[in-house]
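As a plain string of letters, each chain reads:
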Amino acid sequence: EATETKKVGLRDRLGCYTWTWFTMTMATGGIASVLHSIPYRSEWLRILGVIVFLFNILLFSINCFFITLRFKWNPGSFQRSFTSPSESLFVPACVRCRIGTILTNMCQYGIPATRQWFQTAMQVCFWVYFSLSVIASSGMYLIIWSTQALPIHTMTPIWIFPAYPLLLMGPIAANLIDALPDSLAAARINSIAIALGAVCIQGTGFLVSLMIYSAFIYRLMTQKLPRETTRPGMFVSVGPSGFTVAGIVHLGNTVIPKIMPSGYLGHSDAAFFLKLLSDLTGLWLWGLCLWFFLVSIGAHWQIMRANDPEHHIQFDMTWFSFVFPNTALVTATQAIGKSLESNAIQVFGTVMAGLLVLVWIFVFYMMIRALSMKRLLWPGEADGSVPLGKRW
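The sections below set out a description of the structure shown in this document.

The rules behind each value
Residues numbered from 1 in each chain as written. Predicted model: local features only at pLDDT ≥ 70, side-chain atom pairs only at ≥ 80, totals over all residues. Heavy atoms only, no water. Helix = DSSP H or I, 4+ residues; strand = E, 2+ residues; numbered from the N terminus. Rg over C-alpha atoms; globule rule 2.2 N^0.38 Å. Buried < 20%, exposed > 50% of the residue type's maximum accessible area, 1.4 Å probe, protein only. Contact = heavy atoms within 4.5 Å. Areas by Shrake-Rupley, 256 points an atom, 1.4 Å probe, with all protein chains shown as cover. Expected span 1.5 Å × (residues − 1). Core = buried A, V, L, I, M, F, W, Y, C linked by side-chain atoms within 4.5 Å. Disulfide = S-S within 2.5 Å. Phe/Tyr/Trp six-rings, centres within 6.5 Å; stacked < 30°, edge-to-face > 60°. Axes fitted to C-alpha atoms, helices over the stretch in contact; angles between N-to-C directions. Parallel < 35°, antiparallel > 145°, perpendicular 65-115°, else oblique. Left-handed = near helix turned anticlockwise from the far one by under 90°. Nonpolar A, V, L, I, M, F, W, Y, C, P; charged D, E, K, R; others polar. Polar contact = N/O pair within 3.5 Å; in protein donor to acceptor, adjacent residues only side chain to side chain.

1. Examining the overall build of the chain
When helices and strands are tallied, the chain shows 16 helices and zero strands. Radius of gyration (C-alpha) of the chain: 21 Å, near the 21 Å computed for a compact globule of 392 residues. Projected onto its principal axes, the C-alpha positions of the chain cover 75 × 45 × 40 Å. Every one of the 392 residues in the chain was classed for burial, and the buried ones make up 54%. Contacts in the chain between residues far apart in sequence, at least 24 positions, make up 80% of those at least 6 positions apart. Just so you have it, the chain exposes about 17900 Å², and 68% of that area is on carbon and sulfur atoms.

2. A look at helix H3 (residues 22-37)
The first and last C-alpha atoms of H3 sit 23 Å apart over 16 residues, in line with the 22 Å expected at 1.5 Å per residue. Within H3, 15 of the 16 residues are buried, which leaves it mostly tucked inside the rest of the structure.

3. Considering the nonpolar core
Proteins that are soluble and globular tend to have nonpolar side chains buried together. In terms of nonpolar packing, the biggest core is built from 115 residues, with Phe126, Tyr164, Phe315, Phe320 and Met367 touching the most fellow members. Top element by residues in this core is helix H16 (residues 343-372). It accounts for eleven residues.

4. Section: the side chain of Ser296
Following the sequence through the fold, Ser296 ends up in helix H13 (residues 270-298). Taking the relative accessible area as the measure of exposure, Ser296 reaches 1% and is therefore buried.

5. Structural notes on the state of the cysteines
Two cysteines joined by a covalent bond between their sulfur atoms form a disulfide. Here the structure, examined in full by the defined rule, presents zero disulfides. Looking at Cys107, it has no disulfide partner, and the nearest cysteine sulfur is the one in Cys125, 8.4 Å off.

6. Considerations on the packing of aromatic side chains
Summed over the entire model, instances satisfying the criterion amount to 29 aromatic pairs. Here Phe53 and Tyr109 contribute two aromatic rings whose centre-to-centre distance is 6.2 Å and whose plane-to-plane angle is 15°, an arrangement assigned as stacked. In this pair, Phe53 is assigned in helix H4 (residues 43-73) and Tyr109 in helix H6 (residues 91-110), connecting sequence segments 56 residues apart. Taken as a pair, Phe53 and Tyr109 share a single burial class, namely buried. Between Phe126 and Phe130, the aromatic rings sit 6.3 Å apart at their centres with planes inclined by 45°, giving tilted as the arrangement. Within this pair, Phe126 and its partner Phe130 are both found in helix H7 (residues 116-147), separated by four residues, close to a single helical turn. In this structure an aromatic cluster arises from ring pairing among Trp19, Phe22, Phe60, Phe71, Phe78 and Phe82.

7. Some words on helix H9 (residues 169-178)
H9 sits mainly inside the fold: nine of its ten residues count as buried. Along H9, the residues classified as buried are Met169, Gly170, Pro171, Ile172, Ala173, Ala174, Asn175, Leu176 and Ile177.

8. Remarks on the packing of H3 against H4
A pair of packed helices is characterised by two quantities: the angle between their axes and the separation of those axes. For the pair H3 and H4, the least separation of the axes is 9 Å and the interaxial angle reads 165°. Between H3 and H4, the angle is such that the two are roughly antiparallel. Like other packed secondary-structure pairs, H3 and H4 cross with a definite hand, here left-handed. Across from Phe22, Met24, Thr25, Thr28, Gly29, Ile31, Ala32 and Leu35 in H3, the residues of H4 making contact are Leu45, Leu48, Gly49, Val52, Phe53, Phe55, Asn56, Leu59, Phe60, Asn63, Cys64 and Ile67. Residues that form the contact of H3 with H4 fall into these classes: 14 nonpolar, six polar and no charged.

9. What about the side chain of Thr23?
Position of Thr23 relative to the elements: it lies in helix H3. On the accessibility criterion, Thr23 (2% relative accessible area) is buried. At 2.5 Å, the side chain of Thr23 and the backbone oxygen of Thr20 are in polar contact.

10. Digging into unusual backbone geometry
In this model, Asn190 sits at a positive phi of 60°, which is unusual for a non-glycine residue. Take Asn190: its relative accessible area is 43%, and that puts it in the partly exposed class. One non-glycine residue, Glu341, adopts positive backbone phi at about 55°. Tracing the backbone shows Glu341 in the loop between helix H15 (324-340) and H16. Assessed through its relative accessible area of 71%, Glu341 is described here as exposed.

Shape descriptors only; they carry no functional weight alone.
Structural data, given as structure tokens:
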């Protein structure tokens with residue numbers, strides 16, 4: 001009752017602003033990458049991708065501005081966000097992943113349209129992000145393990161989030177090298193070091209995620225599916241294998257023409273065998289990615305049934321989990337299709353890309369609708385505790 005009678009101002013609403021809002025920009029940047037990955041290129045598709053990329057930068061700036069206001073107007077909220085069970089898992093993923101996705105888009109759309117200075121700038125950005133992602137991921141897990149005890153029955157793949165910055169190293173490196181005009185440009189920025197460094201950190205991120213996968217499977221076997229409100233987070237399990245496939249296979253496609261055109265360590269056939277290894281590894285993990293996608297889809301069948309009040313969920317920002325992990329699946333599919341020169345896989349990936357864009361539009365619409373209905377950024381609602389009883 002107090003929530004209904006009290007006048008809620010901008011300061012009150014921004015007090016509900018959390019790190020989860022950065023999932024919106026993660027999804028939007030992923031859509032820009034998906035549009036770039038479509039093999040059937042045209043000028044209008046490139047322009048659309050650039051528009052989504054620029055729109056995402058705008059969203060990221062708005063998010064940074066609003067969450068800064070929250071921390072300024074609510075002293076102590078910044079420190080508490082790192083130890084909050086509902087926020088801490090999102091901190092490194094939503095900030096570092098958001099920056100990583102922007103860097104990927106900058107490589108995709110910026111390098112072909114600029115000159116040598118931008119290639120050097122992206123080389124520097126890669127190594128800066130390389131360092132920050134390792135520090136942010138390990139540091140956030142250390143904070144969580146030192147301050148929280150998360151019970152297994154609450155476990156969802158969201159626990160993988162602090163490892164997500166590591167999982168973008170492969171895609172960033174692959175898009176950086178692939179966007180270069182020739183092998184001379186690749187040699188100038190030391191593409192071999194970039195590729196090897198990306199594989200190292202990508203592997204670390206995937207192995208950390210794989211260990212958390214085991215906890216998730218144990219939780220499903222002993223506690224059944226998560227509650228409907230947290231079930232969208234199941235799609236986060238698609239991301240680790242998807243980003244790894246997209247990065248490793250894409251890097252394999254650039255080995256012969258750009259990274260090692262003359263072989264490696266005196267072996268002229270080394271590049272071919274590395275490409276073959278990347279394809280086999282990619283196929284192996286692509287199957288895992290598809291399996292988790294199907295499991296996540298199947299887990300939502302009750303929620304998707306119409307007029308079923310017992311299995312109804314209200315919108316919150318975790319709905320963007322329907323989008324951003326699946327952008328990894330689409331880009332991984334396109335990388336596999338290109339590497340194997342399979343038109344069928346490329347058509348399959350293009351259809352998935354179109355459907356994912358529609359899902360992104362739907363989730364974005366639901367977010368705006370929730371804001372207008374005071375279901376988001378409203379004390380006592382999705383960001384608070386006491387519902388107002390408005391019908392969805």
